[in-house]
Amino acid sequence: MTSSKDTELDLTVAAVESARAGEALYGAHQGQGLRIGICCGKFNGGITTRLLQAALDALDEAGVAKADISIAWAPGAFELPLLAKAYATAPRPYDAVITLGAVIRGDTGHYDVVAGECARGVQDVQLTTGVPVIFGVLTTDTVEQALVRSLPDETNKGRESAHTALEMVNVLRSGSLGA
Ligand code: INI
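Residues numbered from 1 in each chain as written. Predicted model: local features only at pLDDT ≥ 70, side-chain atom pairs only at ≥ 80, totals over all residues. Heavy atoms only, no water.

**Student:** Could you give an account of the overall build of the chain, naming the residues involved and the relevant values?
**Tutor:** Counting secondary structure elements, the chain contains 6 helices and 4 strands. Order of helices (α) and strands (β) in the chain, N terminus to C terminus: α-β-α-β-α-β-α-β-α-α. Compactness check: the chain gives a C-alpha radius of gyration of 16 Å against a globular reference of 16 Å for 179 residues, within 12% of the reference. Projected onto its principal axes, the C-alpha positions of the chain cover 50 × 45 × 30 Å. (Helix = DSSP H or I, 4+ residues; strand = E, 2+ residues; numbered from the N terminus. Rg over C-alpha atoms; globule rule 2.2 N^0.38 Å.)

Listed below in structure tokens is the structure:
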């Protein structure tokens with residue numbers, strides 16, 4: 001989810017403060033030549049496919065080739081970290097992994113376990129492998145909230161996740177962080 005209007009980044013302030021450092025690193029939403037793995041949950045698939053559509057649109061707009069995208073389907077959000085790890089540690093590792101899921105509180109008594117373990121697993125994978133793994137998993141109280149966060153517009157969480165993936169790959173390869 002993006003910041004609210006009250007708290008969003010002012011690019012002018014960021015540029016001014018960045019100029020006070022020896023280098024300032026930003027990742028572009030540039031995807032040419034990058035290989036992206038997408039792990040998509042089937043649970044609440046009516047929502048996750050809306051996230052997937054928007055993520056694929058964003059990757060396409062950023063220049064990621066169809067041949068460089070692989071999609072793996074998981075039964076539910078709980079299984080997403082294991083698939084993410086498989087992409088991140090494949091013989092030819094992917095540059096970034098996007099996890100897409102929808103955990104809706106109304107659906108389950110173990111909402112907190114499924115959502116929490118999914119988030120923990122995703123973070124574990126990216127920290128242990130060094131490959132960016134993006135948490136594009138909606139965690140909402142209601143179906144209505146999940147529908148709003150997967151609208152076919154700029155606020156779609158799948159679209160944001162695709163941009164986040166490209167930004168992280170590119171920032172990690174830039175300046176003194178790059179090879
Ligand atoms: N999986 C989800 O992706 N979203 C949910 O809302 C959900 N609920 O409600 O239970 C859910 N459960 C399944 C879970 O992710 C695993 O697939 C299952 O527990 C088997 O390990």
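**Student:** Could you give me a rundown of the packing of aromatic side chains, with the residues and numbers involved?
**Tutor:** Scanning the model with the defined rule gives 1 aromatic pair in all. Note on Tyr 87 and Tyr 94: the rings are 4.9 Å apart at their centroids and 75° apart in plane angle, and the pair reads as edge-to-face. Tyr 94 matches Tyr 87 in its accessibility class, with the two residues each being buried. Positioned above the aromatic ring of Tyr 94 is the side chain of Arg 35, whose terminal nitrogen or guanidinium carbon lies 4.1 Å from the ring centre. (Phe/Tyr/Trp six-rings, centres within 6.5 Å; stacked < 30°, edge-to-face > 60°. Buried < 20%, exposed > 50% of the residue type's maximum accessible area, 1.4 Å probe, protein only. Lys NZ or Arg CZ within 6 Å of the ring centre and 35° of its normal.)

**Student:** How would you sum up helix H3 (residues 80-88)? Please name residues and give values.
**Tutor:** Within the span of H3, buried status applies to Leu 80, Pro 81, Ala 84, Tyr 87 and Ala 88. The buried residues of H3 all sit within an arc of 115° when viewed along its axis, so they share a single face. Looking at the buried positions of H3, the neighbouring elements they touch are strand E1 (36-41), strand E2 (69-74), strand E3 (96-104), helix H4 (111-129) and strand E4 (133-140). (Arc of directions from axis to C-beta. Contact = heavy atoms within 4.5 Å.)

**Student:** Talk me through the sheet that holds E1; I want residue IDs and the actual numbers.
**Tutor:** Strands sit in the order E2-E1-E3-E4 across an open sheet of 4 strands; the sheet is parallel. A single partner strand is all that each edge strand has here, and the edge strands are E2 and E4. Along the sheet, successive strands turn relative to each other by an average axial angle of 15°, direction set aside. Taken together, the 6 bridges between E1 and E2 define a ladder with parallel strand orientation. (Pairing = 2+ DSSP bridges. Axes fitted to C-alpha atoms, helices over the stretch in contact; angles between N-to-C directions.)

**Student:** Account for the pairing of E3, with residues named and values stated.
**Tutor:** With respect to burial, E3 is a largely interior element, 9 of its 9 residues being buried. Neither face of E3 is exposed, since Ala 96, Ile 98, Leu 100, Ala 102 and Ile 104 on one face and Val 97, Thr 99, Gly 101 and Val 103 on the opposite face are all buried. Inspection of the sheet shows E3 paired to E4 by 8 bridges, in the parallel sense. What sits directly across from Leu 100, in E4, is Gly 136.

**Student:** Tell me about the packing of helix H2 (residues 45-61) against helix H6 (residues 157-172), and name the residues and values.
**Tutor:** With their axes 6 Å apart at the nearest point, H2 and H6 run at an angle of 40° to one another. With respect to H6, the element H2 is oriented oblique. In this structure, H2 crosses over H6, and the sense of that crossing is right-handed. On H6, the residues touching Leu 51, Ala 54, Ala 55, Ala 58, Leu 59 and Glu 61 of H2 are Lys 157, Gly 158, Arg 159, Ala 162, His 163 and Leu 166. Tallied by class, the residues present in the contact of H2 with H6 amount to 7 nonpolar, 2 polar and 3 charged. (Parallel < 35°, antiparallel > 145°, perpendicular 65-115°, else oblique. Left-handed = near helix turned anticlockwise from the far one by under 90°. Nonpolar A, V, L, I, M, F, W, Y, C, P; charged D, E, K, R; others polar.)

**Student:** Residues and numbers for the environment of Ala 62, please.
**Tutor:** Within the secondary structure layout, Ala 62 lies in the loop between H2 and E2. Judged by relative accessible area, Ala 62 falls into the buried class, the value being 12%. With 31 residues separating them along the chain, Ala 62 and Gly 31 place their C-alpha atoms 5.0 Å apart. Residues contacting Ala 62, with those up to four places away along its chain left out, are His 29, Gln 30, Gly 31, Gln 32 and Leu 166.

**Student:** I'd love a proper account of the environment of Gly 33, names of residues and values included.
**Tutor:** As for its position among the elements, Gly 33 is in the loop between helix H1 (11-18) and E1. With sequence-adjacent residues up to four places away left out, Gly 33 is seen in contact with Asp 68 and Asp 95.

**Student:** Kindly report on the pattern of salt bridges, identifying the contributing residues and their values.
**Tutor:** Oppositely charged side chains can form a pair if their charged atoms are brought close together. Per the counting criterion, the structure on display carries 9 salt bridges. With its nearest N and O atoms 3.0 Å apart, the salt bridge here joins Arg 120 to Asp 124. Separated by 4 residues within a single helix, Arg 120 and Asp 124 lie in helix H4, roughly one turn from each other. Connected through salt bridges with shared partners, the residues Glu 61, Glu 154 and Arg 159 form a single ionic network. (Salt bridge = Lys/Arg side-chain N within 4 Å of Asp/Glu carboxyl O.)

Limitation: the analysis is restricted to geometry and does not speak to function.
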